[in-house]
Amino acid sequence: MNNSGHIAKQLQRDAIRQIVPYKANKQNYKIKLDANESPFSLSEGVRKKVSEYLLSDGKLNLYPDSDSDILRKKLAIKSNANPENILVGAGSDQIIELIIKAFVDKGERVVMPIPSFSMYKLDTLVYGGQPVEVSLDKEYRYDLDFFISSIKKYSPKVAFICNPNNPTGTVIERKDLITILQECKDTIIAVDEAYYEYFGETIADKVNDFDNLVVLRTFSKAYGLAGLRIGYCIGHKSIIEVLNKAKPPYNLSSLAQIVASLILDEEQANKEKIKNILEQREYLYNELKKLKGIKVFESKANFILFKTDKEIELDGFLQHKGILVRSFKGSALLDNCYRVTVGTKDQNQEFLQVIKDII
């Protein structure tokens, strides 16, 4: 029997052959500040309602609503849009994949900022597209003219804009986004607003004005549902219609739809959690700025990027204390940079104490 694995390696698609799979951090930890997750669990009220749903027979033996109608209607009200402008997916990751799957043929270009969210490039490569990475400036901010000129030069099917940008926390102004939409009408402009709730500014209200605009959102950050993988997009009706052709049926579980709907009902509790993170972000930013040997970048998300002197080695010290942060050491554009998620007050203070001890 031949069990060497040779046949799979031989038959894999050329586009897959060059890809290095995404690796999540699986180290043991005491405090987890490496993945931009919310530090807050589901409220007791939501947990009780989910328990009641399951105990009363949630009919999990049946397929879920393939269109997620109840959730989409709630999202439409919250977003001041129409249900026909909204599509939901298994995390905004699936929405990114659907956009490339639906619009990008083999060899066609996709423009994206760099450094930014790795899935734009990974999904482009998986589907045989050609990623065109447009560098941010030295302060990790968008250069509007350079970005527009790159789109005009390469004529991509899709251009991704992460706003606020992950992992830098920097943003592009609304007026600049409108300029991009006006100047690049032959390209789908996908604005990833995964961290919108911590920024407060959006371009989603313009989806009916521009037929090339789609805005991505997620429940994984501000709503604390990373474990259920729930995302959605708000887009021009014509874009949503095309994405629905590429969307697999039943892509969001019944349980995910129920929990997301319940979370949206907790408007005041959600605002309080976001307010807490914003206050802690300011505290963490100001405390890091006081330390010599560290450069801190201003962030509009729920994380902060900072850069250390080359001789400072943080990884080992933090891991020894059981604190996980995201390290970019060795990266061409982010060498000696670290991204720390804003946690609870206690988590942030413990992280800062370790950093201060090292410095």
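Cut-offs used in this document
Residues numbered from 1 in each chain as written. Predicted model: local features only at pLDDT ≥ 70, side-chain atom pairs only at ≥ 80, totals over all residues. Heavy atoms only, no water. Helix = DSSP H or I, 4+ residues; strand = E, 2+ residues; numbered from the N terminus. Rg over C-alpha atoms; globule rule 2.2 N^0.38 Å. Buried < 20%, exposed > 50% of the residue type's maximum accessible area, 1.4 Å probe, protein only. Contact = heavy atoms within 4.5 Å. Areas by Shrake-Rupley, 256 points an atom, 1.4 Å probe, with all protein chains shown as cover. Lys, Arg positive; Asp, Glu negative; His and termini not counted. Charge placed at Lys NZ, Arg CZ, Asp CG, Glu CD. Pairing = 2+ DSSP bridges. Axes fitted to C-alpha atoms, helices over the stretch in contact; angles between N-to-C directions. Core = buried A, V, L, I, M, F, W, Y, C linked by side-chain atoms within 4.5 Å. Expected span 1.5 Å × (residues − 1). Arc of directions from axis to C-beta. Parallel < 35°, antiparallel > 145°, perpendicular 65-115°, else oblique. Left-handed = near helix turned anticlockwise from the far one by under 90°. Polar contact = N/O pair within 3.5 Å; in protein donor to acceptor, adjacent residues only side chain to side chain. Salt bridge = Lys/Arg side-chain N within 4 Å of Asp/Glu carboxyl O.

Peer 1: Would you mind going over the overall build of the chain in detail, with residue names and values included?
Peer 2: Tallying secondary structure elements over the chain gives 14 helices and twelve strands in all. Its C-alpha radius of gyration of 21 Å places the chain within 12% of the 21 Å reference for a compact globule of 359 residues. Its C-alpha atoms put the chain at 65 × 55 × 55 Å along the principal axes. Here the chain, with 359 residues, has 50% of them falling under the buried criterion. Considering only intrachain contacts with a sequence separation of at least 6, the fraction spanning at least 24 residues in the chain is 70%. Just so you have it, the chain exposes about 18100 Å², and 49% of that area is on carbon and sulfur atoms. Side-chain charges in the chain split into 51 positive and 48 negative, and the spacing between the mean points of these groups amounts to 3 Å.

Peer 1: Can you lay out the sheet that holds strand 1 (residues 31-33) for me, pointing to particular residues and giving the numbers?
Peer 2: Sheet architecture is open: five strands sit in the order 1-11-12-10-9, paired in mixed fashion. In this open sheet, the two strands that pair with only one neighbour each are strand 1 and strand 9 (294-297). When strand polarity is set aside, the average angle formed by the axes of neighbouring strands in this sheet is 30°.

Peer 1: Could you give an account of the nonpolar core, with specific residues and numbers?
Peer 2: Counting residues in hydrophobic clusters, the biggest one holds 79 residues, and the most contacted among them are L71, I99, V158, F160, I180, I189 and F219. Apart from residues lying up to four places away in sequence, I180 is in contact with L144, F147, I148, I151, I161, I172 and I189. The next biggest cluster of nonpolar side chains, apart from the first, holds 30 residues, and it includes L291, I294, V340 and I358.

Peer 1: Describe helix 3 (residues 44-55), with residues and values.
Peer 2: Relative to the 16 Å expected for twelve residues at 1.5 Å per residue, helix 3 spans 16 Å between its end C-alpha atoms, a close match to the ideal helical length. Looking at helix 3, one finds that the buried residues are V46, V50 and Y53. Axial view of helix 3: buried residues confined to an arc of 55°, hence all on one face. Among the exposed residues of helix 3, those oriented more than 90 degrees off its buried face are E44, E52 and L55. Looking at the packing, one finds that the buried side of helix 3 touches helix 11 (254-265).

Peer 1: A description of the packing of helix 7 (residues 144-154) against helix 8 (residues 174-183) should follow, citing residues and the corresponding values.
Peer 2: Running from amino to carboxyl end, helix 7 crosses helix 8 at an angle of 20°, the nearest separation of the two axes being 11 Å. Compared by their axis directions, helix 7 and helix 8 come out roughly parallel. Considering how the two elements wind past one another, helix 7 and helix 8 form a crossing that is right-handed. Between helix 7, through L144, F147, I148, I151 and K152, and helix 8, the contact on the second element is made entirely by D176, T179, I180 and E183.

Peer 1: Give a description of the packing of helix 4 (residues 69-79) against helix 11 that names residues and reports values.
Peer 2: Relative orientation of the contacting elements helix 4 and helix 11 amounts to 25°, with a least axis distance of 9 Å. In this view, helix 4 runs roughly parallel relative to helix 11, as classed from their interaxial angle. Where helix 4 crosses over helix 11, the handedness of that crossing is left-handed. Of the residues in helix 11, those in contact with I70, L71, K74, L75 and K78 of helix 4 are Q257, A260, S261, L264 and D265.

Peer 1: An account of the pairing of strand 2 (residues 86-89) is requested, with residue identities and associated values reported.
Peer 2: Residues I86 and V88 point to one face of strand 2 and L87 and G89 to the other, with burial holding for every one of them. Alignment of strand 2 against strand 8 (residues 231-235), held across four bridges, turns out to be antiparallel. Bridge assignment links G89 to a residue of strand 8, and that residue is G231.

Peer 1: Summarise the side chain of S68; cite the residues concerned and give the values.
Peer 2: Within the secondary structure layout, S68 lies in the loop between helix 3 and helix 4. Of note is the side chain of S68, whose polar atom sits 3.3 Å from the side chain of Q257. Discounting residues that sit within four places of it in the chain, S68 has contacts with V88, L252 and Q257.

Peer 1: Explain the pairing of strand 8 to me, using residue names and the numbers behind them.
Peer 2: Taking burial as the measure, the five residues of strand 8 include five buried ones, the bulk of the element. Of the two faces of strand 8, the one holding G231, C233 and G235 and the one holding Y232 and I234 are both buried throughout.

Peer 1: Now, about the pattern of salt bridges: what can you tell me, with residues and values included?
Peer 2: For side chains bearing opposite charge, pairing can occur when the charged atoms are close. Summed over the entire model, instances satisfying the criterion amount to 22 salt bridges. We note a salt bridge from K32 to E37, for which the minimum N-O separation is 3.1 Å. Residue K32 is classed as partly exposed on the basis of its relative accessible area of 25%. The exposure class assigned to E37 is partly exposed, which follows from its relative accessible area of 31%. Across the pair D209 and K206 runs a salt bridge, and its minimum N-O distance is 3.6 Å. Judged by relative accessible area, K206 falls into the partly exposed class, the value being 21%. Salt bridges sharing partners connect three or more residues here, namely K32, D34 and E37.

Peer 1: Describe helix 5 (residues 91-103), with residues and values.
Peer 2: Compared with an ideal rise of 1.5 Å per residue, which puts 13 residues at 18 Å, helix 5 spans 19 Å between its outermost C-alpha atoms and is within 8% of the ideal. Of the positions making up helix 5, those classed as buried are G91, S92, Q94, I95, I96, L98, I99, I100 and F103.

Peer 1: Describe unusual backbone geometry, with residues and values.
Peer 2: Between N163 and P164 the backbone carries a cis peptide bond, its omega angle lying at 0°. Position of P164 among the secondary structure elements: in the loop between strand 5 (158-162) and helix 8. Going from N166 to P167, the amide bond is cis rather than trans, its omega being 20°. Note that P167 resides in the loop between strand 5 and helix 8. Non-glycine residue S68 carries a positive phi angle of around 50°. Since its relative accessible area comes to 0%, S68 is described here as buried.

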